[in-house]
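Residues per chain are reported as follows:
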Amino acid sequence: MSDTFKALERAPRDSRAPLAGILDAIRFNADGLIPAIAQQHDSGEVLMMAWMNREALEETLRTGRVCYWSRSRGRLWRKGESSGQQQHLKGAALDCDGDTLLLQVAQTGPACHSGRRSCFYVALEGDEARVTSEPLIDPDALYGKG
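Here the structure is a predicted model, which is why all the values come from computation and not from measurement.

The rules behind these values
The numbers attached to residues start from 1 for each chain and follow its sequence in the written order. Local features are withheld for residues below a pLDDT of 70 in this predicted model, meaning they are given only at 70 or higher, and side-chain atom pairs are given and counted only at 80 or more; totals for whole chains, interfaces and linings count all residues. The side-chain quantities take in all heavy atoms of the structure and omit both hydrogens and water. Between any two strands, at least two bridges found by DSSP are needed for them to pair. Helix and strand definitions here come from DSSP, where helices need a minimum of 4 consecutive H or I residues and strands a minimum of 2 consecutive E residues; each element is numbered from the N-terminal end. Centre distance within 6.5 Å is the pairing criterion for rings of Phe, Tyr and Trp, where only the six-membered ring of Trp is used; planes under 30 degrees apart are then read as stacked, over 60 as edge-to-face, and the remainder as tilted. Throughout, exposure labels follow a simple rule: accessible area from a 1.4 Å probe, protein chains only, divided by the maximum for the residue type, with under 20% read as buried, over 50% as exposed, and the rest as partly exposed. For a lysine, the NZ atom is tested; for an arginine, the CZ atom; a charge sits over a ring if that atom is within 6 Å of the ring centre and within 35 degrees of the ring normal. Contact definition: two residues touch when any of their heavy atoms are within 4.5 Å. Whenever two N or O atoms come within 3.5 Å, that pair is a polar contact, provided that in protein one can donate a hydrogen and the other can accept it, and provided that, for residues adjacent in sequence, both atoms are side-chain atoms.

A. Examining the pairing of strand 3 (residues 67-70) more closely. As paired elements, strand 3 and strand 4 (residues 75-78) share four bridges and run antiparallel to each other. Note on strand 4: the bridge partner recorded for Tyr 68 is Trp 77. Adjacent in sequence and paired antiparallel, strand 3 and strand 4 are bridged by four residues, among which Gly 74 carries a positive phi angle near 70 degrees.

B. View of the packing of aromatic side chains. In total, this model carries one aromatic pair according to the counting rule given. Summarising the aromatic geometry, the rings of Tyr 68 and Trp 77 are spaced 5.2 Å apart at their centres and angled 35 degrees between planes, so their arrangement reads as tilted. One exposure class covers both Tyr 68 and Trp 77, and it is buried. In this structure, Arg 116 is placed above the aromatic ring of Tyr 121, and the distance from its NZ or CZ to the ring centre is 4.0 Å.

C. Structural context of the environment of Arg 117. The residue Arg 117 is located in the loop between strand 6 (101-107) and strand 7 (122-125) in this model. For the pair formed by Arg 117 and Leu 102, sequence separation is 15 residues and the distance between their alpha carbons is 18 Å. For Arg 117, the residues in contact, after removing those within four places along its chain, are Gln 40, Glu 45, Leu 47, Gln 107, Gly 109, Pro 110, Ala 111, Cys 112 and Leu 136. In terms of polar contacts, Arg 117 uses its side chain to reach the side chain of Gln 40, at 2.9 Å. At 3.4 Å, the side chain of Arg 117 and the side chain of Glu 45 are in polar contact.

Set out below in structure tokens:
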């Protein structure tokens, strides 16, 4: 754990630190990425998990429109650029060791490429997996037939 996050453990409520120093202390993985969990700001529903590099995080904080790093595309991915289902940032927080990000977002439509509201729709129950929700939008309608 970095000295920065260690010092924050004992910081009183409403203490402030320069953002640049916090961003420098984030524990990005070997690929320069940090997991980012997107949660609907008003309901608390967990929508998805994706990856961010520093550039994606800085853009998200600067613009208020959530941007991730797409490992499959090898480039920045602005949520909704192909589907129109955007995420607008309402708040962001790092965990205690600075290696996971929680984004409070306002999600338009489904967050999942499957057309479902949340990516977490496969419940593991005993010796079975159960699909817990229907798509809100047909994925072909979101992305075109592929």
